[in-house]
Amino acid sequence: MRILDTYFSPDSNPPTFVEGFTVCGEQNVHNPCEISWNRIMTKLACNDKLRNIAIIAHVDHGKTTLVDALFKQSGLFREGQKVEERIMDSMDQERERGITISAKNCAVTWKGIKINIIDTPGHADFGGEVERSLSMADGAILLVDASEGPLPQTRFVLEKTLQAGLKIIVCINKIDRPDARIAEVLDEVYDLFIDLDATEKQLEFPVLYAIGRDGIAKKNLEDESDSLDVLFDAIINEVPGPAYEEGAALQMLVSDLAYSDYLGRLVIGRVFEGSIKTNDRLICIKDGGERKTLKITKVQAYSGMNFVDTNEVHAGDIAILAGIEDVTIGDTVCAESVTEALPRIIVDEPTVAMKFSINNGPFSGKEGKYVQSSRIRARLLKETLTNVSIKIQDTEDADTILVKGRGEFQIAILIETMRRENFEFCVGRPEVIYKYENGVKLEPIEQLFVDCSEVFIGVVTEKLSLRKGKMVNLVNHGTGRVRIEFSVPSRSLIGYRDEFLTDTKGTGIMNSLISGYEEFRGEFPSRYTGSLVTDRQGVAIPYSLFNLEPRGRLFVTPGEKLYEGMIIGEHSKDGDLNVNASKEKKLSNVRASGKDDSVSLSPIKKMTLEDAINFIREDELVEVTPLSIRLRKSVLVQGMRPKRKK
């Protein structure tokens, strides 16, 4: 139950409580803002000089662009200062892909009030970042595209926000789009709130209209505006200041970890009670109740995107602590007198797993710096400390580690990050994680939303039906494009996205959201074609590749080094075909009457990491190095494969 009143009165009947907290019992605690009954009888205060807000939305609905405008109009940058676009997307892959991968904190000041802003990812595979970051917020700005409306990730982030009881401000963004349908989108937002069992209080959300790219927000569509003043004022007036217990001892929930070359590991989290000062001696309560003594060497807070030194961080603010080593996300940093830890951050369970193993091929160690299984294991363990939705598990093979995550795209981002850090390893095909209840096999099911032209309805429906998908809904807005909703197994989407883009000629849009587990729907073929596999080590020769082109689609170019068991193409028929791609044309001393025909090869599209992961079968691997991405059989020796398969 979310507390909606402003103060506690012991004489009132029934009693009232402070806005921003949740009343609950000792059991079944799911929100870091929740408090137990033995703390309710204390008067609570509110920090009116502070606001904590998260910006949530589906991918590509304009969150990071809006944060850029908030930075500029809050006076964070001096006049004329050159600032990059999407400044919050600081990772290389975020800038390359145009998406937000990890949640990031920043802070601006408006009318003397500090606003801590949390920019969250919009892709479903990075939902763990949303769940982690909401533990630091008191309110949220729900951004919805004026044309696309609420999409699957909009539902996911809104559901988590409603469960946390945060105050929500709905902002219809990109109202200048020529295909904007603002009134219909707002109705869809109300329908989504009702569908998610929002309370009457939560349904009374304020609505703003914005053009985030131009830094414009307004209360009504007909209003004139050239700034985001309306949005700033809404944050201050609608979102409550963080509540805390006066005189209480320090309690801080660790929500993020960072690293500084000068200060070492940095612990980031919201101070729920009390305050933190430099050189304080504190306690860390870990999972299971273990208590460890800590000493803080430096206390910092956010100013813009940077950390600034401060003598003290008060209740409600987000603190950055240095000098702490053995702390993980979800731990409670508190005073020695505190006996209870704050409720830990709870995230949804992983649904997809991939095997990471050492590269045991002939080219092992020639391109990467870190190839040992111990190095790979240590790097993956480090990832689990900062990414709450990633889990690792040992296997029977000492050189293989099972990595579990929310989706194959999330794990692909991890693979790409590791290869850029000079790691070299192999990964297997993504596999969904099954559950068993009462002897019944259950599998993860996703809600799939497809936006495509009317002419592609048939091919999309046919392909998804073969993959055990069921059409749930079809909406035609009369614009030539339709929106179709399917219920499909998660394993159906592995390897289907590229096929979908081909079927819709690159014009289709596909989004999905995990809806839960259902009974296993049966087997279906993941790929109808085989692989072209080299039978010897050598170099790709143009003459051989030219003669192999009728056999299928090739992945390699002339001059590439090959080895036995390496996959060089897709066989046009079912089943693998062992080929010799290093065979040269035999020459003789007899001169031809005319000029020999020159070899002309078809252009080859190099496989990306995601393409390779989606292409391989269960008995195949992707060899990942800092310089190359190769496909190979898990058993390289041709004569050993039938025995292993048997």
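For clarity, every value in this text was computed on a predicted model and none was experimentally measured. The written sequence of each chain sets the order in which its residues are numbered from 1. Totals for whole chains, interfaces and linings use every residue, but because this is a predicted model, local features are given only for residues with pLDDT of at least 70 and side-chain atom pairs only at 80 or more, for both listing and counting. To obtain the side-chain values, all non-hydrogen atoms of the structure were used and water was disregarded.

> So what exactly am I meant to see when it comes to the packing of helix H8 (residues 373-386) against helix H9 (residues 408-420) here?
Helix packing for two helices is described by the angle between their axes and how far apart those axes are. Here an angle of 0 to 180 degrees is reported between the N-to-C directions of two axes, which are lines fitted to C-alpha atoms, with helices fitted over the stretch in contact. Under the DSSP-based scheme used, a helix requires at least four consecutive residues in state H or I and a strand at least two consecutive residues in state E, with every element numbered from the N terminus. For the pair H8 and H9, interaxial distance at closest approach is 12 Å and the crossing angle is 125°. Considered as vectors, H8 and H9 are oriented oblique to each other. By crossing handedness, the relation of H8 to H9 is classed as right-handed. Packed against H8, whose contacting residues are Ile 376, Arg 379, Leu 380 and Glu 383, the element H9 presents Leu 414, Thr 417 and Met 418 at the interface. Roughly parallel means an angle under 35 degrees; roughly antiparallel means over 145; roughly perpendicular covers 65 to 115; every other angle is labelled oblique. Should the near helix be turned anticlockwise from the far one by less than a right angle, the crossing is termed left-handed; should it be turned clockwise, right-handed. Here, residues are in contact when the closest pair of their heavy atoms is within 4.5 Å.

> Would you mind showing me how to read helix H1 (residues 63-73) here?
Helical geometry note: an α-helix holds 3.6 residues per turn, so side chains three or four residues apart project in the same direction. Among the 11 residues of H1, 8 are classified as buried, and the element is accordingly described as predominantly covered. Note on classification: 1.4 Å probe, protein chains only; a residue is buried when its accessible area is under 20% of the maximum for its type, exposed when over 50%, partly exposed between these limits. Within H1, burial applies to Lys 63, Thr 64, Leu 66, Val 67, Asp 68, Ala 69, Leu 70 and Phe 71.

> Would you mind going over the pairing of strand S20 (residues 318-322) with me for this structure?
Each regular strand carries side chains that alternate between the two faces of the sheet. Of all 5 residues that make up S20, 5 are buried, and the element is covered over most of its length. In this description, strands pair whenever DSSP reports at least two bridges between them. With 5 bridges joining them, strand S13 (residues 264-273) and S20 adopt antiparallel strand pairing. Residue pairing across strands places Ile 268 opposite Ile 320, the latter belonging to S20. Across 4 bridges, the pairing between strand S17 (residues 298-303) and S20 is antiparallel. Along S20, the bridge assignment pairs Lys 298 with Ala 322.

> Would you take a moment to explain unusual backbone geometry for this structure?
Across residues other than glycine, the phi torsion is negative in most instances, and most of the peptide bonds are trans. Even without being a glycine, Lys 111 presents a positive backbone phi close to 55°. With respect to the helices and strands, the residue Lys 111 is situated in the loop between strand S5 (104-110) and strand S6 (113-119). The phi dihedral of Asn 438 falls on the positive side, at around 55°, and the residue is not glycine. Along the chain, Asn 438 falls in the loop between strand S27 (435-437) and strand S28 (440-453). Note on Asn 438: relative accessible area 83%, which makes it exposed.

Taken by themselves, the reported measurements are silent on function.
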